Amino acid sequence: CCSHIHLRRAPYTGNYLSDTVKRTLSYKKFATALKENQTQKYFKENDNWLSLDNIKNHSGNKEGSFWTLVIRLHLYLRTKHLYSLQEISSIEDEMLKEIGWGNINTIEVASSLKKQNKWNSINHDIYWQVKTESQSLDSIKLIIDSFNPDIIFIFNWDSAKEPDVFRGLNAIQDTSKSVAGLLATYSLDRYDTKVVWCPHPNNLRYKSQNINGLIQLIASSLE
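Right, let's walk through the structure included here.

Cut-offs and rules
Note on numbering: residues in each chain are counted from 1, in written sequence order. Given that this is a predicted model, residues contribute local features only at a pLDDT of at least 70 and side-chain atom pairs are listed and counted only at 80 or more, while totals for whole chains, interfaces and linings are drawn from all residues. Water and hydrogen atoms were dropped before computing side-chain values, which therefore reflect all heavy atoms in the structure. Partly exposed residues are those whose accessible area sits between 20% and 50% of the maximum for their type, while under 20% is buried and over 50% is exposed, using a 1.4 Å probe and protein chains only. Counting from the N terminus, the helices are DSSP H or I runs at least four residues long and the strands are E runs at least two residues long. Any two strands are treated as partners once DSSP identifies two or more bridges connecting them. Axis lines are fitted to C-alpha atoms, over the contacting stretch for helices. Their N-to-C directions set the angle, which ranges from 0 to 180 degrees. Orientation categories follow fixed angle ranges, with anything under 35 degrees roughly parallel, anything over 145 roughly antiparallel, 65 to 115 roughly perpendicular, and all other angles oblique. A clockwise turn of the near helix away from the far one marks a right-handed crossing, whereas an anticlockwise turn of less than a right angle marks a left-handed crossing. Whether two residues are in contact is decided by their heavy atoms: any pair within 4.5 Å suffices. Classes in brief: Ala, Val, Leu, Ile, Met, Phe, Trp, Tyr, Cys and Pro nonpolar; Asp, Glu, Lys and Arg charged; the others, Gly included, polar. For this analysis, a salt bridge means a side-chain nitrogen from Lys or Arg found within 4 Å of a carboxyl oxygen belonging to Asp or Glu.

Moving on to the pairing of strand β2 (residues 14-18). Most of β2 is tucked away, with five of its five residues classed as buried. Of the two faces of β2, both are covered, the one formed by Gly14, Tyr16 and Ser18 as well as the one formed by Asn15 and Leu17. Pairing analysis gives four bridges linking β2 to strand β3 (residues 100-103), with the strands arranged parallel. Residue pairing for β3: Ser18 is matched across the bridge by Asn103.

Put into structure tokens, the structure is as follows:
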């Protein structure tokens, strides 16, 4: 579903969703927890991965980083200033604790497993069975019903995922505030939460765009 650094109601709440999980606790730890019937402990430790130190370390101010985009965007929407990591003080740290993070794929996608050279070590029939069954959990409806965020940002432009992401919801695209290939905005019938869907920041270089430019587009679409 979604993890929070420090769950609280803030002046603005945003949940930031990526494509898939790669860098939380290892599969071996999960297998051990499953064998020892300690899955709840594993899930709690996994949830605790989301911390200021971890997201800053994974950002590293790199232009293609999901966390660089999340940090800059969240602080920009709160302060109208584009921060680098070196500029962030304890005041901005408190704002970053408002972040909620999740994924639009409950089960890691095959392309990611292949990049990590893990694909050939798993049973493909079982993987696709589990992947198919998990699609009902990929909807953002659970996040909205649980946390009621002001906005959900999705950074992975994959129109094939729309039926799963919006399952159980009536999503209406606002074409007047969308930018082809870069930004799609949606309202949800019977909910106040807005959805903004953009490419992963690592793909922006192929679209003659960068993180700061995308942030400006997003901010304009929310006015």
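Now, onward.
At a closest axis distance of 10 Å, the pairing of helix α4 (residues 66-79) and helix α10 (residues 211-221) adopts a crossing angle of 40°. It follows from the interaxial angle that α4 and α10 lie oblique. The way α4 lies across α10 gives a crossing that is right-handed. Across the interface between the two elements, Thr68, Leu69, Arg72, Leu73, Tyr76 and Leu77 of α4 pack against Ile211, Asn212, Leu214, Ile215, Gln216, Ile218 and Ala219 of α10. A breakdown of the residues in the contact of α4 with α10 according to their chemical character gives nine nonpolar, three polar and one charged.

This part takes up the packing of helix α3 (residues 52-59) against α4. α4 packs onto α3 with a crossing angle of 120° between their chain directions and a minimal axis gap of 7 Å. When the axis of α3 is compared with that of α4, the two are oblique. Considering the relative orientation of α3 and α4, their crossing is left-handed. Side by side, α3 and α4 meet where Ile55, Lys56, His58 and Ser59 of the first sit next to Trp67, Thr68 and Ile71 of the second. Its residues placed into classes, the contact of α3 with α4 shows three nonpolar, three polar and one charged.

Moving on, we get to the pattern of salt bridges. For the structure on display, the rule yields eight salt bridges. For Lys141, the salt bridge goes to Asp145, with nearest N and O atoms at 2.8 Å. Of this pair, Lys141 and Asp145 both sit in helix α8 (residues 141-147), separated by four residues, roughly a single helical turn. On the basis of relative accessibility, which here comes to 26%, the residue Lys141 falls in the partly exposed class. The exposure class assigned to Asp145 is partly exposed, which follows from its relative accessible area of 45%. Each of Asp138, Lys161, Asp164 and Arg167 takes part in a single network of salt bridges with overlapping partners.

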